[in-house]
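Now for the letters of each chain:
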Amino acid sequence: METIYFKGTPCHTYGNIPAVGTKAPCFSLVSKDLSEIRCGDFAGKRVVLNVFPSLDTPVCAASVRRFNQEAGKLENTAVICVSMDLPFAQGRFCSAEGIENVVVASAFRSPTFSQQYGLQLVDGPLAGLLARAVLVLDEDHKVIFSDLVGEITEEPDYEAALSVLK
């Protein structure tokens, strides 16, 4: 269990975020067109998992925009933006914002994702949603960067995450 904060109020996660050097758990998520997104779909690629509570908040939306902008500069890398938002909402957001360089994925049907990655909030105002985190996986899906953002209302450290890919 990890302790993070939402506007200064302590919140806790279901477990612990995968540590650097460990193999990332395989996942199955839902695409904006309702198809499955599986870890095997990205075999041989580096993966950035940008995880956050909801696209309906300014900070979460900003992280998707930023990673969308950066993703086009990354070779052999997929950026997956994961939230509990329904795929329909993710699709509308991407269409309205011109988001084309990242994959948006919903964990709404995937309780194992939020639990295996230790990112499900179990208490506090956002209980049931995902905490804000960025993980970077190498081509073998080993974790090479892991950051659970301590204050949910703050953006992740983009530069630190992206620096391991350069």
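Everything in this summary refers to the structure shown in the same document. (Residues numbered from 1 in each chain as written. Predicted model: local features only at pLDDT ≥ 70, side-chain atom pairs only at ≥ 80, totals over all residues. Heavy atoms only, no water.)

What follows deals with helix 1 (residues 58–71). Here helix 1 contains 14 residues, and its C-alpha end-to-end distance of 20 Å stays within 8% of the 20 Å for a straight helix at 1.5 Å per residue. All of the buried residues along helix 1 are V59, C60, A61, S63, V64, F67, N68, E70 and A71. (Helix = DSSP H or I, 4+ residues; strand = E, 2+ residues; numbered from the N terminus. Expected span 1.5 Å × (residues − 1). Buried < 20%, exposed > 50% of the residue type's maximum accessible area, 1.4 Å probe, protein only.)

Unusually for a residue other than glycine, K7 sits at a positive phi of about 50°. Assignment of secondary structure puts K7 in the loop between strand 1 (3–6) and strand 2 (9–12). Among the residues examined, K7 registers a relative accessible area of 64% and is labelled exposed. In the Ramachandran plot, H141 falls in the positive-phi region, its phi being about 65° despite a non-glycine side chain. Along the chain, H141 falls in the loop between strand 8 (133–137) and strand 9 (143–148).

Applying the stated rule across the entire model yields one disulfide. Note on cysteine connectivity: C26 is disulfide-linked to C39, with sulfurs 1.6 Å apart. Negative torsions about the S-S bond denote left-handed disulfides, and the value of about -45° found for C26 with C39 makes this one left-handed. Placement of C26 in the loop between strand 2 and strand 3 (28–31) and of C39 in the loop between strand 4 (36–38) and strand 5 (46–51) is noted, with a sequence separation of 13 residues between them. (Disulfide = S-S within 2.5 Å.)

What follows concerns the sheet that holds strand 3. Think of a sheet as strands paired side by side through backbone hydrogen bonds, with each pair either parallel or antiparallel. If you trace the seven strands from one edge of the open sheet to the other, you get 4-3-7-6-5-8-9, paired in mixed fashion. Only two strands of the sheet have a single neighbouring strand rather than two, namely strand 4 and strand 9. Neighbour-to-neighbour, the strand axes of the sheet open up by a mean angle of 30°, direction not taken into account. Strand direction decides the pairing type here: strand 6 (residues 77–83) and strand 7 (residues 103–106), joined by four bridges, are parallel. Its bridge partner lying in strand 7, V82 is registered against A105. Across the sheet, helix 1 touches strand 5, strand 6 and strand 8, and the angle it forms with strand 5 is around 165°. (Pairing = 2+ DSSP bridges. Axes fitted to C-alpha atoms, helices over the stretch in contact; angles between N-to-C directions. Contact = heavy atoms within 4.5 Å.)

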